[in-house]
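# Geometric and topological summary
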Amino acid sequence: MEILKEHFNEFLYLLTVAQERSFTRAASKLGISQSALSHAIKVLEQKLQIRLLTRTTRSVAPTALGAQIIASLQPRLDELEQTLQSLVEQNDRPSGYIRLSVSEHAAHSVLWPKLKPFLKQYPQINVELFIDNQFVDIVQNGFDAGVRLGESVDKDMVAVRLSEDIRFAVVATAEYFEKHGMPTTPADLQHHQCINVRLPSANKLYQWEFIQDGRPMRVKVNGQLTFNQLPERIDATLSGFGVAYVPDDMVSQMVANGELIQVLKDYCPVFPGYYLYYPSRQRHPRAFALMIDALRLTK
């Protein structure tokens, strides 16, 4: 116990480095210099007379003994954090910090519209939105929860539905279709200029998904442009660079007013809606529970 009392901060620093897998990110999160953080870990290693972290030029990872210490400390500190949070929240002023990993379209269409009134109601709850289309390990990367399409959520996660099902649309300008003709089947897209999107997790181009004769199919398309962000894809489509495959709600108004023409509607599948997911059913801080209730899809 004396070791823990004397080096409590150093143990917290160790947990943060292990979570971030980086001295640079951990130091930034802790609000101390990288050199001070490195020195604190060395002091702790010298006190315990064991090596806690393995360092390379590219990454940091716990040693076997370091991982054992972290596995022992983390649940106890989480329990203490929840107890302290509950005591703070007894004054009916929920507070806390919630970190979320969110896909681009989910942030724009679902999460942010629901979060705005929630955050105005609870000004002491702070939320960080990390908007990225790449799939990340929310536990390893220090997120409290993530938001993705239902089909992408791992089965071992707790999932809370946030939205109705999502339909995609194939669109281009009338001028483009006048010049190149309209595709009548998904396979026809292989002969069109299509605006691609790269999947960051797999580092490959996304193959457009359709349903034909009751069976799912994917079409590999080609074109002059590839983007990883949705607004640029829509702008390129409006500018006449080709055909895009985008969430229907992002272009429905443009289709309604004639800026874009929608094709292959009967072939476009419906995807499960967006879900908030997190790793366990253990009791969460009140701020997190309130956020779930605010975001949950209600019929």
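Residue positions within a chain follow its written sequence, with the count starting from 1. Where local features are concerned, this predicted model is filtered to residues with pLDDT of at least 70; where side-chain atom pairs are given and counted, the filter is 80 or more; whole-chain, interface and lining totals use all residues. To obtain the side-chain values, all non-hydrogen atoms of the structure were included, while hydrogens and water were left out.

## Examining the packing of helix α2 (residues 8–20) against helix α4 (residues 34–48)
Direction vectors running N to C along α2 and α4 enclose 115°, while the axes themselves pass 9 Å from each other. As judged from the angle between their axes, α2 and α4 are roughly perpendicular. As α2 packs across α4, the resulting crossing turns out to be left-handed. Every residue of α4 that contacts α2 at Glu10, Phe11, Tyr13, Leu14 and Val17 is listed here: Leu37, Ala40, Ile41, Leu44 and Leu48. Class assignment of the residues belonging to the contact of α2 with α4 gives a composition of nine nonpolar, no polar and one charged. Axis angles are defined between N-to-C directions and span 0 to 180 degrees, where every axis is a line fitted to C-alpha atoms and, for a helix, only to the segment in contact. A run of DSSP states H or I qualifies as a helix once it reaches four residues; a run of E qualifies as a strand once it reaches two. Both are numbered from the N-terminal end. Relative orientations are named as follows: roughly parallel for angles under 35 degrees, roughly antiparallel for angles over 145 degrees, roughly perpendicular for angles from 65 to 115 degrees, and oblique for any other angle. A crossing counts as left-handed when the near helix is turned anticlockwise from the far one by less than a right angle, and as right-handed when that turn is clockwise. A contact between two residues is defined here by any heavy atoms of the two lying within 4.5 Å. Residues were grouped as follows: Ala, Val, Leu, Ile, Met, Phe, Trp, Tyr, Cys and Pro as nonpolar; Asp, Glu, Lys and Arg as charged; and all remaining residues, including Gly, as polar.

## Let's talk about the sheet that holds strand β16 (residues 274–278)
Pairing between strands is defined by DSSP: at least two bridges between them are needed. Across the sheet, five strands lie side by side as β4-β3-β5-β16-β6; this open sheet has mixed pairing. The open sheet has two edge strands with one neighbour each: β4 (125–131) and β6 (158–161). Put simply, the sheet's adjacent strands are angled 25° from each other on average, direction ignored. In the sheet, β6 pairs with β16 via four bridges, with the strands oriented antiparallel. Within β16, the position partnered with alanine 159 by the bridge is tyrosine 277. The sheet strands contacting helix α6 (residues 104–121) are β3 (96–102), β4, β5 (145–149) and β16, and the helix crosses β4 at an angle near 170°.

## Structural notes on the nonpolar core
Counting 46 residues, the largest nonpolar core has Val170, Leu189, Trp208, Phe210, Val243, Leu276 and Met291 as the members making the most contacts within it. If sequence neighbours within four positions are ignored, leucine 276 has contacts with Leu100, Ala145, Gly146, Val147, Val158, Ala159, Val160, Leu162, Met291 and Ile292. What we call a nonpolar core is a set of buried Ala, Val, Leu, Ile, Met, Phe, Trp, Tyr and Cys residues that are connected through their side-chain atoms within 4.5 Å. Only protein chains enter the accessibility calculation, which uses a 1.4 Å probe; a residue whose area is less than 20% of its type maximum is buried, one above 50% is exposed, and one in between is partly exposed. Membership of the second largest hydrophobic core comes to 19 residues, among which are Phe11, Val17, Ala40 and Leu77.

## Topic: unusual backbone geometry
The phi dihedral of glutamine 49 falls on the positive side, at around 60°, and the residue is not glycine. Inspection of the secondary structure assignment puts glutamine 49 in the loop between α4 and β1 (53–55). Phi at aspartate 213 takes a positive value of approximately 55°, unusual for a residue other than glycine. Its place among the elements puts aspartate 213 in the loop between β10 (208–212) and β11 (215–219). Assessed through its relative accessible area of 67%, aspartate 213 is described here as exposed.

Function cannot be read off these values alone, since they describe shape.
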